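Report on the structure
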Amino acid sequence: MKKLITLALLTVIALVVSFPTTSFAGNNENSQTVYLRKKKGHKQNLDNDGIRIPSRPLVCLISSTQFQSDLISDEIDAYEIWDVTGDNCLVVFGEDYDFCQYLFNVPGEYEIRIITGDYAYVGYISTLQ
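1. Brief notes about the environment of Tyr79
Examined against the element boundaries, Tyr79 turns out to sit in strand S4 (residues 76-83). Take Tyr79: its relative accessible area is 4%, and that puts it in the buried class. Separated by 35 residues in sequence, Tyr79 and Ile114 place their C-alpha atoms 4.9 Å apart. In this structure Tyr79 touches Phe67, Val91, Val92, Phe93, Gly94, Glu95, Asp96, Phe99, Arg113 and Ile114, once residues within four positions along its chain are discounted.

2. Quick word on the confidence of the model for the protein chain
Low-pLDDT stretches of the model should not have their predicted coordinates read in fine detail. On average, residues of the protein chain score 79 in pLDDT, and 69% of them reach the 70 mark or higher. Put simply, helix H2 (residues 22-25) is where the protein chain has its lowest mean pLDDT, 44, and strand S5 (residues 89-93) is where it has its highest, 95. Every residue in residues 19-28 scores below 50 in pLDDT, and together they form ten contacts with partners more than four places removed in sequence or on other chains.

3. Topic: the sheet that holds S4
Within a beta sheet, neighbouring strands are joined by backbone hydrogen bonds and run either parallel or antiparallel to one another. Reading across the sheet, the seven strands line up as S3-S2-S1-S7-S6-S4-S5 and stay open at both edges, with antiparallel pairing between neighbours. The sheet is open, and its two borders are formed by strand S3 (67-68) and S5, each paired with just one other strand. Taken together, the four bridges between S4 and S5 define a ladder with antiparallel strand orientation. Looking at S5, one finds that Trp82 is bridged to Cys89.

4. Points about the nonpolar core
Among the nonpolar cores identified, the biggest contains 22 residues, and Leu36, Ile62, Phe67, Phe99, Leu103, Ile112 and Ile114 are the most heavily contacted of them. Contributing elements (two or more residues each) for this core: strand S1 (31-38), strand S2 (58-63), S4, S5, helix H3 (96-105), strand S6 (109-116) and strand S7 (120-126). It is H3 that provides the largest number of residues to this core, a total of four residues. Apart from residues no more than four positions distant in its own chain, Phe67 is found in contact with Leu36, Cys60, Leu61, Ile62, Ile76, Tyr79, Asp96, Phe99, Cys100 and Ile114.

5. Re the pairing of S4
The element S4 is extensively covered by neighbouring structure, given that seven of its eight residues are classed as buried. Between S4 and the antiparallel strand that follows it, S5, lie five residues; Gly86 among them carries a positive phi value of about 80 degrees.

6. Brief notes about the environment of Asp98
Examined against the element boundaries, Asp98 turns out to sit in helix H3. Along the backbone, Asp98 and Thr65 are 33 residues apart, and their C-alpha atoms lie at a distance of 8.0 Å.

7. Some points on the packing of aromatic side chains
Throughout the structure, instances matching the rule amount to six aromatic pairs. A ring pair is formed by Phe67 and Phe99, whose centres lie 6.2 Å apart and whose planes are at 80 degrees; its orientation type is edge-to-face. Linking Phe67 in strand S3 with Phe99 in helix H3, this pair joins segments that are 32 residues apart in sequence. For Phe67, a relative accessible area of 9% corresponds to the buried category. For Phe99, a relative accessible area of 0% puts it in the buried group. Both rings, one in Phe93 and one in Tyr102, keep their centres 5.9 Å apart while their planes meet at 50 degrees; by these two values the pair is tilted. With relative accessibility at 16%, the residue Phe93 sits in the buried group.

About the criteria used
- Within any chain, residue numbers begin from 1 and follow the written order of that chain's sequence.
- Since the coordinates come from a predicted model, pLDDT governs what is reported: local features require at least 70, and pairs of side-chain atoms require 80 or more to be given and counted, while whole-chain, interface and lining totals use all residues.
- The side-chain numbers reported here are obtained from all heavy atoms of the structure, hydrogens and water having been left aside.
- Note on conventions: DSSP H or I runs of at least 4 residues are helices, E runs of at least 2 residues are strands, and numbering of each starts at the N terminus.
- For every residue, the accessible area obtained with a 1.4 Å probe (protein chains only) is divided by the maximum for its type, and the residue is called buried under 20%, exposed over 50%, and partly exposed between those limits.
- Any pair of residues with heavy atoms lying within 4.5 Å of one another is described as a contacting pair.
- A score from 0 to 100, pLDDT tells how confident the predictor is in each residue.
- Two strands form a pair only when DSSP identifies at least two bridges running between them.
- Note on terminology: a nonpolar core comprises buried Ala, Val, Leu, Ile, Met, Phe, Trp, Tyr and Cys residues joined through side-chain atoms within 4.5 Å.
- Pairs were defined over the aromatic rings of Phe, Tyr and Trp, the Trp ring being its six-membered one, requiring ring centres within 6.5 Å. Orientation was assigned from the angle between planes: stacked under 30 degrees, edge-to-face over 60, tilted for the rest.

Here you go:
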């Protein structure tokens, strides 16, 4: 009985892992998963030996019409798009829809920054096809 339950559980896990993330965005639209890291204004979380513990990445799903993440949209001050080196800010948006539209209508490789009152979350995306 335990083997049957274990086999069923492993099958379900395999199906969930293999299920494409683009299906979650809906309407078969192009979407990408991006991992963001805190860049500036971070608080020092030190372990017992005085070593800073790296922050957990923020996983977000970006489609041509929607930005989905664990962040509360009211906490986001700006959506910034930089060149891939992070040297030049190309454009800043106040709304996620405009941000997403730009990313997918102007294909390229970008550094993106999601700005909140406390942190800047930074990640990279390529919308080249």
